[in-house]
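# Observations on chain architecture
Below are the chains, spelled out letter by letter.
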Amino acid sequence: MLKVHKQTCAVVGCKNQHRSLHLPPQDTKFKWIHFIYDGNVPLNVTSRPYVCANHFTWNCYTNAGQYKTGFANTLRLKEGAVPTIRDPTTNPEAQASTSLHINTKKDAACQTDTTPTRHVRTQLSSRTLGPYYRSTGVQATVPCKDSGVGPSKRPRLEMEMEEEEEEEMEEEDEELFEGSSSKVDSEKQDPTYDPAESDTDLTESTDMPEAPSPDHKIKKFIVYESCIMELFEVCPVCVRACDVQTRRIGTFISVEQLCPYCQYSRQWNSQPILGSTPAGNLQLSAAVYLSGASFFKVEKIFKAMELQMFQYDTFRRHTRMFIEPAVVNKWKTSQDVTVQRLSEEDKVVVGGDMKAVSPGRSAKFGCYTMMDLKTNMVVDIQLVHSNEVGAGYHREKEGMKRSLTLLEERGVTLDSIVIKRHPKIQKFLRESNITHYCDISHMEKGISKQLEEIAKMKDCEKLQKWLPSIKKHIYWTAASSTTGPERVAKWTSHLNHVLDIHTHEDPIYPQCLHPLRKTTDPNKWLAAGTLAFYKLEKVMTNKKILKDVANLSPHPQTSSLEAFHRAIPRFAPKSVRFPFVGLLCRLYLAALYYNENADKEAEGTEKPAKTFRYVDDLMDLIFDKVFVDPTPYLNEVLKIPIPEDNEEDIGVPVQ
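To start, this report covers the structure provided alongside it. Since the structure is predicted, the reported quantities are computational estimates derived from the model, not experimental observations.

## A short note on the overall build of the chain
The secondary structure content of the chain amounts to 22 helices and 13 strands. Each of the 655 residues in the chain was classed as buried or not, and the buried ones make up 45%. Here the chain displays about 34,900 Å² of accessible surface, and carbon together with sulfur accounts for 51% of that area.

Written out as structure tokens, the structure is:
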């Protein structure tokens with residue numbers, strides 16, 4: 001690569017501040033010096049004179065044709081070239097040469113326009129003009145002829161080289177140059193130029209990094225077809241019209257250019273090709289799936305913008321072959337880390353709950369989730385089909401069995417489990433000698449619903465004012481008690497409290513803990529023997545209620561489980577029917593997303609900043625490992641037992 005320097009031209013009468021040519025080799029040195037001083041050579045000749053490109057004719061350059069058409073940034077002198085143009089302003093050919101230094105104004109809509117004062121890459125790769133070579137990660141399906149035009153390495157930008165080269169010139173007195181560069185900053189601004197945009201920022205954001213990035217990490221842009229075709233209309237060698245053919249595969253386009261005059265040819269691909277799969281197609285499928293988006297909604301967006309996209313069959317093929325195997329592997333790896341941590345703890349408190357994930361109100365699929373209530377991390381997910389065990393509580397019981405078995409096999413010692421108030425589930429846990437507690441929120445909602453209905457009855461309106469107090473009393477009872485009898489004693493004491501009686505017969509809780517105050521509104525208290533008190537007493541002393549109160553959880557509740565269940569529709573909406581493995585993978589994605597942001601949920605921040613690192617990790621896994629060798633990952637998916645589907649579901653379209 002020829003070095004250039006922004007120096008004043010040494011030719012008599014020329015004071016151009018262009019990037020100039022240094023003194024040539026010895027064989028033409030005398031002719032150059034004679035030309036510079038117009039025959040009047042002084043006795044003391046500077047050892048480092050400069051000559052700008054304005055003093056050379058077109059035939060002095062080896063790449064003049066490429067430079068004229070914009071496919072070369074620098075001019076290269078032929079060996080033995082001598083300057084012959086004395087006054088560039090009077091020589092027509094020299095005027096054409098001078099015009100090389102000025103960027104003309106171009107159409108603002110053209111992707112190939114050169115923005116004044118900066119060098120920005122177009123959609124044409126910097127290596128396109130060089131001899132064709134194949135990247136280790138790309139296997140092009142159509143071979144390309146070697147044109148032999150341009151350097152094979154990426155040329156360094158002139159503006160980046162100026163300061164470094166000027167320092168080299170001061171240190172290397174005997175270095176000689178054989179080439180030139182004549183392009184300078186434009187004197188006029190492009191009509192779309194925005195002074196608010198930083199030239200440095202634009203260059204940094206569009207320039208390629210020194211180290212090659214993985215295919216899925218490279219930035220992408222929306223490019224119009226007409227702007228791509230402009231790059232191939234003219235032959236860069238003979239500057240004549242070329243024959244151009246295109247081939248499209250989804251978001252991928254390949255352009256083949258052939259010059260019928262000089263036989264110059266090349267092929268350009270809009271994205272890398274992995275085997276026979278365009279990288280952009282696979283990454284788009286992965287982005288849609290991993291973010292929980294719908295392929296059909298994304299397809300509508302693409303159609304509205306006239307963006308080219310692949311068919312749904314291609315999306316499903318990418319999903320089955322690469323994306324779902326990666327999701328299963330990522331979840332299993334993440335789960336192993338969580339379970340290993342729990343196995344090292346002495347006492348583990350988990351919460352479990354079932355959520356229907358079938359379309360509409362169908363009870364076909366149930367997702368049982370087990371969560372570590374200390375860290376709010378999802379530990380296990382079990383997708384249970386109604387065909388396996390039946391509907392109702394049977395699915396929840398089966399899901400719990402599977403999760404408890406997994407924890408036991410991994411050596412996790414359970415202290416207790418917090419569940420809903422389902423009698424059959426409680427009976428199973430008692431028979432299994434597993435300590436269990438009832439979730440307070442579910443019990444509070446059930447009792448509040450009954451009391452709200454009673455408060456609407458005649459002569460029971462006064463009970464409405466006591467509803468907030470009773471709700472708080474449930475939570476206080478669970479949090480302040482250590483045993484079941486103590487919880488029952490505190491719970492039933494509220495019947496005396498609403499009568500303005502604050503001493504109780506039960507020795508476990510003989511009197512209220514609040515300070516005694518003189519009543520200012522005696523009408524707020526209930527009276528014994530009234531319908532309102534009778535109805536309240538009947539609800540609070542119900543045998544099932546008292547049994548559940550004794551079993552209220554003093555540990556964190558299952559509200560985090562409900563938060564996770566609210567995140568599931570983002571990845572598996574109930575309006576869409578998914579196959580078993582597809583639904584399971586979407587539940588895994590919901591768990592990965594929730595676990596990554598579990599600490600934010602625990603902090604109770606009003607609007608926590610969500611992160612999506614799991615998407616980047618899965619992209620790396622798909623492109624770096626699964627695509628390279630999908631067999632072990634597919635085998636992992638094949639190990640998942642898939643229940644037989646109902647006959648009425650056969651033929652129903654799925655996503």
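## Looking at the sheet that holds strand 6 (residues 265-269)
Pairing between sheet strands relies on hydrogen bonds along the backbone, with the strands arranged either parallel or antiparallel. A sheet is described by the order of its strands in space; here 3 strands give the open sequence 4-5-6, paired in antiparallel fashion. The open sheet has two edge strands, strand 4 (243-249) and strand 6, and neither has a second partner. The mean inter-strand angle of the sheet, taken between neighbouring strand axes irrespective of direction, is 15°. In terms of strand pairing, strand 5 (residues 252-258) meets strand 6 through 5 bridges, oriented antiparallel. In the sheet register, valine 255 faces strand 6, and the bridge partner there is tryptophan 268.

## With respect to the environment of glycine 65
Within the secondary structure, glycine 65 is located in helix 2 (residues 64-68). In this structure, the C-alpha to C-alpha distance between glycine 65 and cysteine 238, residues 173 residues apart in sequence, is 6.5 Å. Setting aside residues no more than four positions away along its own chain, glycine 65 makes contact with Pro236 and Val239.

## Thoughts on the environment of glycine 351
With respect to the helices and strands, glycine 351 occurs in strand 9 (residues 348-356). In this structure glycine 351 comes out as buried when scored by relative accessible area, which is 0%. Sequence-wise, glycine 351 and glutamine 557 are 206 residues apart; in three dimensions their C-alpha atoms are separated by 7.6 Å. Leaving out residues up to four positions away in the same chain, glycine 351 has contacts with Thr369, Met370, Met371, Leu373, Val418 and Leu561.

## A few points about the sheet that holds strand 12 (residues 414-419)
Read across the open sheet, the 5 strands follow the order 11-10-9-12-13; overall the sheet is mixed. With one partner strand each, in any of the chains shown, strand 11 (377-385) and strand 13 (436-438) form the two edges of the open sheet. Going across the sheet, the axis of each strand differs from the next one's by a mean of 25°, ignoring polarity. Across 8 bridges, the pairing between strand 10 (residues 365-372) and strand 11 is antiparallel.

## Description of the nonpolar core
In this structure, Leu290, Val327, Phe564, Leu618 and Ile622 are the most contacted members of the largest nonpolar core, which totals 63 residues. Ranked by residue count, the leading element in this core is helix 19 (residues 580-596), at 13 residues. In this view, leucine 290 contacts Ile323, Val327, Phe571, Leu589, Tyr614, Val615, Leu618, Met619 and Ile622; residues no more than four positions away in its chain are not counted.

## What to know about the pairing of strand 4
As paired elements, strand 4 and strand 5 share 7 bridges and run antiparallel to each other. Bridge assignment links threonine 246 to a residue of strand 5, and that residue is valine 255. Connecting strand 4 to the antiparallel partner strand 5 that follows it, the hairpin turn spans 2 residues, and glycine 250 within it adopts a positive phi of roughly 65°.

## Some remarks on the pattern of salt bridges
Under the definition given, this model contains 11 salt bridges. With a shortest N-O distance of 3.6 Å, aspartate 620 and lysine 217 are connected by a salt bridge. Residue aspartate 620 is found in helix 21 (residues 613-626), and its partner lysine 217 is found in the loop between helix 5 (199-206) and helix 6 (225-229); the two are separated by 403 residues along the sequence. Between lysine 330 and aspartate 617 there is a salt bridge, with the nearest N and O atoms lying 3.4 Å from each other. With lysine 330 in helix 9 (residues 312-343) and aspartate 617 in helix 21, the pair connects residues that are 287 residues apart, well separated along the chain. The exposure class assigned to lysine 330 is partly exposed, which follows from its relative accessible area of 22%. On the basis of relative accessible area, aspartate 617 is assigned to the partly exposed category, the value being 37%. A network of salt bridges, in which partner residues are shared, links Arg341, Glu345 and Asp372.

The rules behind these values
Residues numbered from 1 in each chain as written. Predicted model: local features only at pLDDT ≥ 70, side-chain atom pairs only at ≥ 80, totals over all residues. Heavy atoms only, no water. Helix = DSSP H or I, 4+ residues; strand = E, 2+ residues; numbered from the N terminus. Buried < 20%, exposed > 50% of the residue type's maximum accessible area, 1.4 Å probe, protein only. Areas by Shrake-Rupley, 256 points an atom, 1.4 Å probe, with all protein chains shown as cover. Pairing = 2+ DSSP bridges. Axes fitted to C-alpha atoms, helices over the stretch in contact; angles between N-to-C directions. Contact = heavy atoms within 4.5 Å. Core = buried A, V, L, I, M, F, W, Y, C linked by side-chain atoms within 4.5 Å. Salt bridge = Lys/Arg side-chain N within 4 Å of Asp/Glu carboxyl O.

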